[in-house]
2 protein chains.
Amino acid sequence: MTNERTINIRRIIGFRKLDGLLITNIKNIRYLTGFTGSSGFLIITKNKNLFFTDFRYKEQAEAEVTGWEITIENGRRTKLITGLIRKLAIKRLGFEQSITYEFYDLLRAKLSAVLAPQKNIVENLRKIKDKEEIESIKKAIERAEGAFLAVKPGIRPGARERYIALKIEEQLKKRGCKCPAFDIITASGKNSSMPHARPSEKKIERGDFVIIDWGGEADGYYSDMTRTLLMNGKGLSDKIRIYETVNNARKKAVVSVKEGIKTQDIDAAARDAIRKAGYGEFFGHGTGHGVGLDVHEHPRVSWTGSERVRNGMVFTVEPGIYVPELGGVRIEDMILVKNGKAELLTGLSRDLEIIN
Amino acid sequence: MTNERTINIRRIIGFRKLDGLLITNIKNIRYLTGFTGSSGFLIITKNKNLFFTDFRYKEQAEAEVTGWEITIENGRRTKLITGLIRKLAIKRLGFEQSITYEFYDLLRAKLSAVLAPQKNIVENLRKIKDKEEIESIKKAIERAEGAFLAVKPGIRPGARERYIALKIEEQLKKRGCKCPAFDIITASGKNSSMPHARPSEKKIERGDFVIIDWGGEADGYYSDMTRTLLMNGKGLSDKIRIYETVNNARKKAVVSVKEGIKTQDIDAAARDAIRKAGYGEFFGHGTGHGVGLDVHEHPRVSWTGSERVRNGMVFTVEPGIYVPELGGVRIEDMILVKNGKAELLTGLSRDLEIIN
């Protein structure tokens, strides 16, 4: 597995006429080597797989990483890299654009090799999930769904936002998630009009929309989903209309998924539906994003998304409408592109539930 | 508060002959504006405080940020910045070195202004904590200590590492922490010889060292501490010797703290004590690090630490000895530099406890 991935990288290195590639993104390192620690880097050349980490991860690296020559860093990373590049006679070194300017500047000052910035070499491979990755993602979804269903009876008027978030997190961990995929969002009433509100001490009230946005983890892979519940109360018909508009937009987007189209076409499907219903100005974010070793990764499903949809991609579809003061609705599913179209991975119902 | 901080930044901008400074580090943004969201940037000029965030954080920014002109980004950050720099007639723009190479490259391609990388402008201010910050840190410590004491009776042979970590996390949240300061470490027996081991399904056994490394949060500020318990069992006298060596090194380091010395002198105090006892090769990491809005921030207390110790600094002192196969010990306290010397902020006992 890891080996096949490295072979692909080496092929790209060849295409791009690089003598070596420096990999610094920790998720890319995990993808290529299986290493789950939080510090390290890789150098890949035509015939070498070099793995570096520091003292703290020595034993962990030895246990997790096979097929790579392991070196323990001595705390002077730039010097170590400079020495190696010279020893390996690398004339053109690719590096990932996600390194900090600071690190780039240090390398530039000390290296004789040409530094060639590279965009998304590993990220592009990561877009297409293999069978094993899809299994992990499904497990992450299953854990998240179980956690939600366990907590759901408590999502009702009188419960505090923060308490709900805490309970979901507990349930995720009980089901084996090392951590929630991100800080869980529980946003009710007015707070739900902020797409990224943080759980507050506010109690859920009658008439509130309650947005729950959460995700699980399994084998380092994440899931990401959102459900919105409506508390019975005033102004019900307007709120039902908003909910159904979002749900219809979500459906339109899912159905629009086809191999070969651009991701912006999926975004347009959702956005047009919301615009036609008169809520266009209240949907300010993109329609979705890839999910894998990162909660947000390629492809980006937004109005600027020009990536082509391919079998094996896993991404979210999550339109929303957020009306200041009144509140917001978001419904988020995860889909896998399979046999040229969307397979829904999220199993939870999307039907409107009005809680008394 | 925020205002005084911005005045200091503006003074530095003047010294460095910049027409403006682009701030992108999210913790620096929080420090200067009070904004607790996760996306945004600042531009500070001689007479303007400009704050930018995206649509998702509109209402949150309006609630949290005062004294700054708030603009909502439209998704095209580089274009927005380029336009502004032109409009404000900025000729020399400082930027934080922590931006990615990718973002730097985009700015460089599109800006007419000179781009001047800046190191630690805000980070240097953040090293010295004010009264309010120290209160928050003390609260974060108090919550973490309470969580540990609540779980401690369960740290005994038969308990699983992951269960202990989970319980501490639950207790932290119960005490009001939004999140643990970092993934809690519970490492027993052989695992404790890896300074950054992740909690496993391993059960604690007789004779194990058990390292617990955890931290709390309050108002966005963190705490960070480590305790090591010893389970009664074989080879006790060797293990006691290791523990006492670490504890002695810790004490030596704390006592060595004086205003004006370099942080490497503190590191040397701990390291010498461990070396003299014959364990020098088993202490591979630095002695400590600043703690505040980041769990790891300036100053760095290591053998290369050349920063001067100042009143108002808050940092950890955390020597350790890690013997492969046998296990490891780390004891970590947080100190505040006050009246020219160390005041211990961590209250938990450091005396060796042997659990039967």
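Here the structure is a predicted model, which is why all the values come from computation and not from measurement.

A.B. asks: Residues and numbers for the overall build of chain A, please.
C.D. replies: From N to C terminus, chain A includes 10 helices and 19 strands. A compact globule built from 356 residues should have a C-alpha radius of gyration of about 21 Å, and chain A, at 23 Å, falls within 12% of that. Judged by the C-alpha coordinates and their principal axes, chain A covers about 75 × 40 × 35 Å. Counting over 356 residues, chain A shows a buried share of 43%. Long-range pairs, those at least 24 residues apart, make up 64% of the contacts in chain A with a sequence separation of at least 6.

A.B. asks: Please set out the interface of chain B and chain A residue by residue, giving values where relevant.
C.D. replies: Of the residues lining the interface, 26 residues belong to chain B; the matching set on chain A comes to 27 residues. Among the elements of the structure, α3 (58–64), α5 (101–110) and α8 (161–174) of chain B are those that each provide at least two residues to the side of chain B that touches chain A. When residues of the side of chain B that touches chain A are assigned to their parent elements, the largest contribution, 4 residues, is made by α5(B). Along the lines of polarity and charge, the residues of the side of chain B that touches chain A split into 10 nonpolar, 9 polar and 7 charged.

A.B. asks: For the packing of helix α7 (residues 131–151) of chain B against α8(B), give the residues involved together with the corresponding values.
C.D. replies: Residue and element names in this part refer to chain B. Contact pair α7 / α8: the axes reach a minimum separation of 8 Å and the direction vectors enclose 135°. If you check the angle between α7 and α8, you find them oblique. As for the relative orientation of α7 and α8, their crossing is right-handed in sense. Side by side, α7 and α8 meet where R143, A144, A147, F148, A150 and V151 of the first sit next to I164, K167, I168, Q171 and L172 of the second. Residue composition of the contact of α7 with α8, grouped by class: 8 nonpolar, 1 polar and 2 charged.

A.B. asks: Before we move on, could you go through the relation of the copies chain B and chain A and cite the residues and values that matter?
C.D. replies: It takes a turn of 180° to lay chain B on chain A, together with a shift of 0.0 Å along the axis; the resulting RMSD is 0.0 Å. Overall, the copies show the geometry of a two-fold rotation axis. The fraction of interface residues of chain B whose copies in chain A are also interface residues reaches 100%, indicating that both copies meet through the same surface.

A.B. asks: Residues and numbers for the sheet that holds strand β2 (residues 41–45) of chain A, please.
C.D. replies: All names here are of chain A. Strand order across the open sheet formed by 6 strands is β4-β3-β2-β1-β5-β6, with mixed pairing between neighbours. Edge positions in the sheet fall to β4 (69–73) and β6 (114–118), since each of these pairs with one other strand and no more. On average, each strand axis in the sheet is tilted by 25° relative to the strand beside it, whichever way the strands run. Relative to strand β5 (residues 92–96), strand β1 (residues 20–23) is paired through 3 bridges, and the arrangement is parallel. By the bridge assignment, L22 is partnered in β5 with F95.

A.B. asks: Give me the lowdown on the domain arrangement of chain A, citing residues and values where you can.
C.D. replies: Residues and elements named next belong to chain A. Partitioning chain A into structural domains gives domain 1 (2–126) and domain 2 (128–355). On a C-alpha basis, the centres of domain 1 and domain 2 stand 35 Å from each other. The interface is formed by 8 residues belonging to domain 1 together with 7 residues belonging to domain 2. Contributing elements (two or more residues each) for the side of domain 1 that touches domain 2: α2 (26–33) and α6 (121–127). Of the residues that constitute the side of domain 1 that touches domain 2, the class distribution is 2 nonpolar, 2 polar and 4 charged.

A.B. asks: Tell me what's going on with the sheet that holds strand β1 (residues 20–23) of chain B, and back it up with residues and numbers.
C.D. replies: Residues and elements named next belong to chain B. Taken in spatial order, the 6 strands make up an open sheet running β4-β3-β2-β1-β5-β6, and their pairing is mixed. Strands with a single pairing partner mark the edges of an open sheet, and in this sheet they are β4 (69–73) and β6 (114–118). If you compare each strand with its neighbour and ignore which way they point, the axes differ by 25° on average. Where strand β3 (residues 49–54) meets β4, 5 bridges bridge the pair, whose relative direction is parallel. By the bridge assignment, L50 is partnered in β4 with E69.

A.B. asks: Could you give me a rundown of the pairing of strand β5 (residues 92–96) of chain B, with the residues and numbers involved?
C.D. replies: All names here are of chain B. Across the 5 residues of β5, 4 count as buried, placing the element largely inside the fold. Two strands pair when backbone bridges link them, and β5 and β6 are joined in this way by 5 bridges, in the parallel orientation. Within β6, the residue paired with F95 across the bridge is P117. Handedness of the β-α-β unit built from β5, α5 and β6 comes out right-handed.

Definitions and cut-offs
Throughout this document, residue positions are counted from 1 along each chain, in the order its sequence is written. Chains and ligands are labelled sequentially in the order written, the chains with letters from A and the ligands with numbers from 1. In view of the model being predicted, local features appear only for residues whose pLDDT reaches at least 70, and side-chain atom pairs are presented and counted only at 80 or more, with totals across whole chains, interfaces and linings using the full set of residues. Runs of E in the DSSP output that reach at least two residues are strands. Runs of H or I that reach at least four are helices, and both are numbered from the N terminus. To get the radius of gyration, use the C-alpha atoms; to get the globule rule, take the number of residues to the power 0.38 and multiply by 2.2 Å. Residues with at least 20 neighbouring C-beta atoms inside 10 Å of their own are called buried, those with 12 or fewer are called exposed, and the rest are partly exposed, where every C-beta is derived from the backbone. C-beta atoms are placed from the backbone for every residue, and two residues are taken to be in contact when these atoms lie within 7 Å. Residues are sorted three ways: Asp, Glu, Lys and Arg are charged, Ala, Val, Leu, Ile, Met, Phe, Trp, Tyr, Cys and Pro are nonpolar, and all the rest, Gly among them, are polar. Axis lines are fitted to C-alpha atoms, over the contacting stretch for helices. Their N-to-C directions set the angle, which ranges from 0 to 180 degrees. Reported orientations rely on four angle classes, namely roughly parallel under 35 degrees, roughly antiparallel over 145, roughly perpendicular from 65 to 115, and oblique for the rest. Crossing handedness is read from the near helix: turned anticlockwise from the far helix by less than a right angle, it gives a left-handed crossing, and turned clockwise, a right-handed one. What sets the superposition is a least-squares fit of C-alpha atoms, and only residues with pLDDT of at least 70 in both copies go into it. Strand pairing follows a simple DSSP-based rule, namely that at least 2 bridges must link the two strands. The source of the domain bounds is an automatic or database domain assignment. With strands facing away from the observer, any crossover in which the path from the first strand over the helix to the second runs clockwise is taken as right-handed.

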